[in-house]
Amino acid sequence: MLSKETLEQYRRMTPSQRLELTVFLCKNAWKSLMEGDPKLVSRRFLRLEQENQFRNERMVAGLVRAEKQNEAENS
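Residues numbered from 1 in each chain as written. Predicted model: local features only at pLDDT ≥ 70, side-chain atom pairs only at ≥ 80, totals over all residues. Heavy atoms only, no water.

**Description of the overall build of the protein**
For the record, the criterion: Helix numbers and strand numbers start at the N terminus; a helix is a DSSP run of H or I with at least 4 residues, a strand a run of E with at least 2. Note that the radius of gyration is over C-alpha atoms, with the globule rule given as 2.2 Å times the number of residues to the power 0.38. Per-residue accessibility, obtained with a 1.4 Å probe over protein chains only, is compared with the maximum for each type, and a residue is labelled buried under 20%, exposed over 50%, and partly exposed between these values. Only the protein chains shown count as cover for residues, and all accessible areas are computed by the Shrake-Rupley method using a 1.4 Å probe. His is not counted, nor are the chain ends, whereas Lys and Arg count as positive and Asp and Glu as negative. In this description, the location of a charge corresponds to atom NZ of lysine, CZ of arginine, CG of aspartate or CD of glutamate.
When you go through the protein residue by residue, the secondary structure sums to three helices and zero strands. Traced from its N-terminal end to its C-terminal end, the protein shows the element sequence α-α-α. Its C-alpha atoms give the protein a radius of gyration of 19 Å, clearly above 11 Å, the size a compact globule of 75 residues would have. Principal axes of the C-alpha set define a box for the protein whose edges measure 55 × 40 × 20 Å. Across the 75 residues that make up the protein, the buried fraction comes to 4%. Approximately 7100 Å² of the protein is accessible, and the part contributed by carbon and sulfur atoms is 58%. Of the side chains in the protein, 14 bear a positive and 11 a negative charge, and the two mean positions are spaced by 5 Å.

**Here's the deal with a nonpolar patch on the surface**
Note the cut-off: Patches draw on residues past 30% relative accessible area with no salt bridge. Two like charges within 9 Å are joined, as are two nonpolar side chains (Val, Leu, Ile, Met, Phe, Trp, Tyr) within 5 Å. When a carboxyl oxygen of Asp or Glu is within 4 Å of a side-chain nitrogen of Lys or Arg, the pair counts as a salt bridge.
Taken together, the side chains of Trp 30, Met 34, Phe 45 and Leu 48 present a nonpolar region at the surface, about 380 Å² in accessible area. Elements supplying a minimum of two residues to the nonpolar patch: α2 (15-34) and α3 (38-73). Within the secondary structure layout, Met 34 lies in helix α2. In this structure Met 34 comes out as partly exposed when scored by relative accessible area, which is 40%.

**Considering the packing of aromatic side chains**
Definition in use: Working definition: rings of Phe, Tyr and Trp (its six-membered ring) pair if their centres are within 6.5 Å, and the pair is stacked with planes under 30 degrees apart, edge-to-face with planes over 60 apart, and tilted otherwise.
Evaluation of the coordinates by the stated rule reveals one aromatic pair. Judged by centre distance (5.8 Å) and plane angle (75°), the rings of Trp 30 and Phe 45 are edge-to-face. Residue Trp 30 is found in helix α2, and its partner Phe 45 is found in helix α3; the two are separated by 15 residues along the sequence.

**As for α3**
Just so we agree on the cut-off: What a helix should span is 1.5 Å times the count of its residues minus one. Counting of polar contacts relies on pairs of N or O atoms within 3.5 Å, with two restrictions inside protein: one atom must be capable of donating a hydrogen and the other of accepting it, and residues adjacent in sequence are counted only when both atoms are side-chain atoms.
Its 36 residues give α3 an end-to-end C-alpha distance of 52 Å, which sits within 8% of 52 Å, the value for a rise of 1.5 Å per residue. Two or three places before Lys 39, at the opening of α3, Asp 37 has a side-chain oxygen 2.9 Å from that residue's backbone nitrogen.

Just geometry here; none of it tells us what the structure is for.
Written out as structure tokens, the structure reads:
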């Protein structure tokens, strides 16, 4: 969770400043992701893929539950 000060700093930024910060952070993260032995890099990407798959499955399950609840309320 971000501190109140950090959140306020972000709120004062213009959209272009926030985008610039986002691109800067992404570039640095990408460099770190690609550093090291090829096997290590491969494992990092595999882990990211696994995390994304898990997150997608949870979102789909949540949408299914919400749809069922909506159908039950409207029946």
